[in-house]
Amino acid sequence: MSRIRPTLSEFQEPEPGTQLEVGLGEFGKKILWMLLLATIAAVAIGVIPFVDASRGDPPARPGFLDQDGPRIPENPLLRSWTGLKYIWSAPHRLPDFSPITYTTYLLEARLWGTERPLSATGFRSVNLLIHIAAAIALWHLLARLELPGAWLAAAIFAVHPANVSAVTWPGQRPWLLGTWMGLMTLIVFFRLTGLNPPPEKVHRWFRLPQGRAQLGALTILLTVLTVGSSPAVAAMLGPVALLLSWWERGRFRRGDVQAAAPLLGLTLLVTAGALMLAIRQGAGEFSLPQCPWWYRPIAIVQQYAFYAWLTLVPMGISFAYAPFPRFGWGALLSVGAVAAATGGAVWARRHWGRGPLAVMAVFAVSLAPAVIYVESREIYGGWVGAQRLYPGSAAIITGVVACLAGARWALIRREAALAVGAIALATVASAGVVEASRRTSQQRLWEHVLQRDPRNVVALVRLADSAIRRREFTTASGYLQRAVEIRPNDPDPLVKLGELEEARRQPERAIVHYLKALKLDPDHFDANFGLAHALATQKESQQALEQYQKLLTMRPEDPILHNNIGLLHADRGEFEQAEQSYRRALRIDPRATAARINLATLLYRRGEIESAVRELTVVLEIDRDNFDAFMNAGAMLGQMNQFEKAAVLFRRAIELDDQMAAAHANLANALLGQELFGKDLTRGQRISLLSEAAHHFEKAAELDPARPSYRDSAQQARRRASALQSGS
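Computed from a predicted structure; not experimentally measured.

Participant: Just checking my understanding: could you explain the overall build of the protein chain for this structure?
Facilitator: Counting secondary structure elements, the protein chain contains 34 helices and 0 strands. A total of 728 residues make up the protein chain; the buried ones form 50% of that total. When contacts within the protein chain are restricted to residue pairs at least 6 apart in sequence, those whose partners lie at least 24 apart make up 67%. Accessible area for the protein chain stands at about 36200 Å²; split by element, carbon and sulfur atoms hold 59% of it.

Written as structure tokens, this is what we have:
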């Protein structure tokens, strides 16, 4: 047994009145601050999307907003797992070059669908989780750069109304994912260059690799993920990394430039690719209409000034803005404000160092993708879109908070600084809650735009479009007539009036509106397309073909144009030309299901039934909810006497649209074929097939009373079933 006795000689009793504190470790404190940041974002943004405010929206896409249609609810690639192949093989054919985003869309679509009442809520919830991750990454980056007020800046970023507008808009996920991946890339890159030194203590779960090779590999991986999320954000990484290195060190070190060389190369590559793709697809405009070339820099400065104003004063943010008046006082004020801000940043170097200049430079670089096209179709005639401010807002928010938090009075009066920060956060968060509440419904969103600006033609046109989708033609006509009165020289309301008349099945009236729009703008794509479509409906095939050829000069790689040209050739009996047009559309985009269905129909007419069925099988692999494909494939299988397989396809078509009389009639005929040609069927099975066929004929007769043959076929099937049942 040991003779050594424990001693308590080192222990000292605390003095009377001493308070004992039990504190958390550094890692525990960070976890609590992280949870608080996530909670603030979730409370400010996450509760509102669960409110069903989608009344008045198009019935097929409740809760989704404009531009969400081709991305989520109307995207056939999200209807089956086979869409994953096309998402990654031809991402440039999607509305956004973001295969990672569309992969997440596909996963969510398989989990909770795209047309259920709360489907949009599911997509918004995932956006919220990504946004929280981006806010946490921003906080970590700012803290590692030792900027004062890092957590407050990240919290304001999380609840800023302009950012909320992106989070609650399901179709804007590329900006969210790209920003998150970009921030993670910068964190690792700055560790690689020594700008973000390793902390003294770090939890093993959050420890970055130590070796330069590992850090370099991780930087490349995160860069690739950023490109796959948002090439626009990826293009900013190189310039932003160099600007922050200059801000930290006061000069550009050779090692920093060498380390950032891959990111800078990526910037040039992405920019060149975007320009080539835009030129090839004919998307966007490179010059302001009715505006000299020298005015473009002024317009860009005006955009920057407006984006900065939205960040600094986040009140009254709208979904759409009227175009800025050119050569107006607004342009002069914007140029003056930007010049004054730049001069102030140079002067402020005495007090705050290089920070203000770095903030302005990072903000300018971050917003560069948003000002390449001064006018964009997605912004509906305006020059700004608040959702594009998402990555750039972090720069201004960080700069303002860091300058105020680092001021001398804030260091002396800590309690006052905390109170001011809490008030600022609460104010911005309340504005974010209001913004989130508007973006749960497309109808509510555009009505708010119209309340702010009763003469906003864009809002009137979009509300009319929603009314047309709901087949509320009188309401839509009222909106459009008002838009024409407000802006008689704008072709967009006239084009929408043409679409309204086509929905009313009045193509001759639609042609009148399209021609009026073309007098105002002979190169207006939608007006030319509408005129071609209306002429085709009127069976004016030669004029329609000429119109489509004009459209091909605008967008030669548009598969829809080639498909429609093929339809016209088929109607004229020019089947060889029709097949060439269909196959041209499929070479441009193998996912063009309409062209593939039309090609299958053409092959079927030529007697190549098996080839036609193969084409339709490809359609069903791409789009499991394509009603026309199920109907056509079922009809072709019926011609091949494969009635059982045809019945399966017709049942699926009825599941997709149970109000289509032809689907019920086709299923009934397939059932009659099974009963007639089935050799090993029992009498009970035959009676069952006949009874079901009679039921579907009766349903078809209810849906289409003008077809008496449906009622006659139902009676014949009933009599045949009764005869079998009686044994005769």
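Participant: Before we go on, may I ask you to explain helix α7 (residues 173–193) in this structure?
Facilitator: Since there are 3.6 residues in each turn of an α-helix, residues three or four apart along the chain are aligned in direction. Taking 1.5 Å as the rise per residue, α7 with 21 residues should run 30 Å; its terminal C-alpha atoms sit 30 Å apart, in good agreement. In terms of burial, α7 is a largely internal element, 19 of the 21 residues being buried. With its phi angle positive at about 85°, Gly-194 sits one or two positions after the end of α7.

Participant: Help me out: how do you make sense of the packing of aromatic side chains in this one?
Facilitator: Any aromatic ring pair is given by two values, namely how distant the centres are and how the planes are angled relative to each other. Evaluated as defined, the whole model comprises 13 aromatic pairs. With a centroid separation of 5.0 Å and an interplanar angle of 85°, the aromatic rings of Phe-319 and Trp-446 are classed as edge-to-face. Taken together, the positions of Phe-319 in the loop between α12 (296–312) and α13 (329–347) and Trp-446 in helix α19 (residues 442–452) put the pair 127 residues apart, joining distant regions of the chain. We note that Phe-319, like Trp-446, is buried. Taken together, the aromatic side chains of Phe-64, Tyr-102, Tyr-105, Trp-112 and Phe-123 make up a single cluster linked through ring pairs. Stacked on the ring of Phe-525, the Lys or Arg Arg-555 has its end atom at 3.8 Å from the ring centre.

Participant: So what exactly am I meant to see when it comes to the confidence of the model for the protein chain here?
Facilitator: The predicted coordinates ought not to be read in detail in places where the model reports low pLDDT. Residue-level pLDDT values for the protein chain average 82, and 85% of them are 70 or greater. Mean pLDDT per element in the protein chain: helix α17 (residues 408–412) is the minimum at 56, and helix α5 (residues 150–159) is the maximum at 94. Within the model, the stretch residues 1–11 combines pLDDT values under 50 with 0 contacts to residues more than four positions away or in other chains. Throughout residues 374–384 the model reports pLDDT below 50, and contacts reaching past four residues in sequence, or to other chains, amount to 46 contacts.

Participant: Whenever I open this one, the nonpolar core confuses me. Can you help?
Facilitator: Nonpolar side chains tend toward joint burial in soluble globular proteins. With 81 residues, the main nonpolar core has Leu-37, Phe-190 and Phe-363 as its most contacted residues. Those residues in contact with Phe-363, other than ones at most four positions away along the chain, are Tyr-304, Tyr-307, Ala-308, Thr-311, Leu-389, Gly-392, Ala-395 and Ile-396. Grouped together as the second largest cluster of nonpolar side chains are 46 residues, Ala-459, Val-461, Leu-552 and Leu-568 included.

Participant: Sorry if this is basic, but what is going on with the pattern of salt bridges here?
Facilitator: Two side chains carrying opposite charge are able to pair once their charged atoms lie near each other. Applying the stated rule across the entire model yields 25 salt bridges. A salt bridge links Glu-579 to Arg-583, with the shortest nitrogen-to-oxygen separation between them at 3.0 Å. Linking Glu-579 with Arg-583, this pair stays in helix α27 (residues 575–588), spanning 4 residues, or about one helical turn. Look at Arg-583 and you get partly exposed, because its relative accessible area is 33%. Note that Glu-579 and Arg-606 form a salt bridge whose closest N and O atoms lie 2.7 Å from each other. Of this pair, Glu-579 sits in helix α27 while Arg-606 sits in the loop between α28 (593–605) and α29 (609–622), and the two are 27 residues apart along the sequence. Take Arg-606: its relative accessible area is 40%, and that puts it in the partly exposed class.

Participant: Mind showing me how you'd approach a nonpolar patch on the surface here?
Facilitator: On the surface, Trp-81, Leu-107 and Leu-111 cluster together to form a nonpolar patch covering roughly 340 Å² of accessible area. Take Leu-111: its relative accessible area is 55%, and that puts it in the exposed class.

Participant: I would appreciate a short explanation of unusual backbone geometry in the present structure.
Facilitator: In terms of backbone geometry, most residues other than glycine have negative phi values and most peptide bonds are trans. Of note, Arg-505 is a non-glycine position whose phi angle comes to about 65°, a positive value. Within the secondary structure, Arg-505 sits in the loop between α22 (491–503) and α23 (507–520). Classification of Arg-505 as exposed rests on a relative accessible area of 75%. For Lys-539, which is not glycine, the phi torsion reads 65° and is therefore positive. For Lys-539, the location among the structural elements is in the loop between α24 (525–537) and α25 (541–554). Of the residues examined, Lys-539 reaches a relative accessible area of 66% and is grouped as exposed.

Participant: So what exactly am I meant to see when it comes to the side chain of Asn-564 here?
Facilitator: Tracing the sequence through the fold places Asn-564 in helix α26 (residues 559–571). On the basis of relative accessible area, Asn-564 is assigned to the buried category, the value being 12%. Those residues within four positions of Asn-564 in sequence are excluded, and the remaining contacts are Phe-529 and Tyr-548.

Participant: Explain the side chain of Asp-490 to me, please; I cannot follow it from the model alone.
Facilitator: Its place among the elements puts Asp-490 in the loop between α21 (473–486) and α22. Residue class for Asp-490 comes out buried when judged on its relative accessible area of 10%. Reaching out from Asp-490, the side chain makes a polar contact with the side chain of Arg-487 at a distance of 2.8 Å. From its side chain, Asp-490 meets the backbone nitrogen of Asp-492 in a polar contact 3.0 Å long.

Participant: Is there a simple way to explain helix α32 (residues 661–677) in this structure?
Facilitator: Compared with the 24 Å implied by 1.5 Å per residue over 17 residues, the 24 Å span of α32 between its first and last C-alpha is a close match. Along α32, the positions that sit buried rather than exposed are Ala-661, Ala-663, His-664, Ala-665, Leu-667, Ala-668, Ala-670, Leu-671, Gly-673, Gln-674 and Glu-675. Looking at the packing, one finds that the buried side of α32 touches α30 (627–639), α31 (643–656), α33 (683–703) and α34 (708–726).

Participant: Looking at this structure, how should I read the packing of α29 against α30?
Facilitator: Helix-helix packing is described using two parameters, namely the angle between the two axes and the distance between the axes. Where α29 contacts α30, the axes come no closer than 10 Å and their chain directions differ by 150°. One element, α29, and the other, α30, form an angle in the roughly antiparallel class. For the pair α29 and α30, the sense of crossing is left-handed. Listed contacts from α30 to Ile-609, Ala-612, Val-613, Leu-616, Val-619 and Leu-620 of α29 are Ala-629, Phe-630, Asn-632, Ala-633, Met-636 and Gln-639.

Participant: Which parts of the structure should I look at to understand the environment of Asn-632?
Facilitator: Examined against the element boundaries, Asn-632 turns out to sit in helix α30. Each C-alpha atom, one on Asn-632 and one on Ala-612, is 9.3 Å from the other, the two residues being 20 residues apart in sequence.

Participant: Looking at this model, I keep getting lost on the environment of Gly-149. Mind explaining?
Facilitator: For Gly-149, the position within the fold is in the loop between α4 (119–144) and α5. Sequence-wise, Gly-149 and Trp-139 are 10 residues apart; in three dimensions their C-alpha atoms are separated by 9.3 Å.

Parameters and conventions
- Residues numbered from 1 in each chain as written.
- Predicted model: local features only at pLDDT ≥ 70, side-chain atom pairs only at ≥ 80, totals over all residues.
- Heavy atoms only, no water.
- Helix = DSSP H or I, 4+ residues; strand = E, 2+ residues; numbered from the N terminus.
- Buried < 20%, exposed > 50% of the residue type's maximum accessible area, 1.4 Å probe, protein only.
- Contact = heavy atoms within 4.5 Å.
- Areas by Shrake-Rupley, 256 points an atom, 1.4 Å probe, with all protein chains shown as cover.
- Expected span 1.5 Å × (residues − 1).
- Phe/Tyr/Trp six-rings, centres within 6.5 Å; stacked < 30°, edge-to-face > 60°.
- Lys NZ or Arg CZ within 6 Å of the ring centre and 35° of its normal.
- pLDDT = per-residue confidence, 0-100.
- Core = buried A, V, L, I, M, F, W, Y, C linked by side-chain atoms within 4.5 Å.
- Salt bridge = Lys/Arg side-chain N within 4 Å of Asp/Glu carboxyl O.
- Patch = residues over 30% accessible without salt bridge, like charges linked within 9 Å, V, L, I, M, F, W, Y side chains within 5 Å.
- Polar contact = N/O pair within 3.5 Å; in protein donor to acceptor, adjacent residues only side chain to side chain.
- Axes fitted to C-alpha atoms, helices over the stretch in contact; angles between N-to-C directions.
- Parallel < 35°, antiparallel > 145°, perpendicular 65-115°, else oblique.
- Left-handed = near helix turned anticlockwise from the far one by under 90°.

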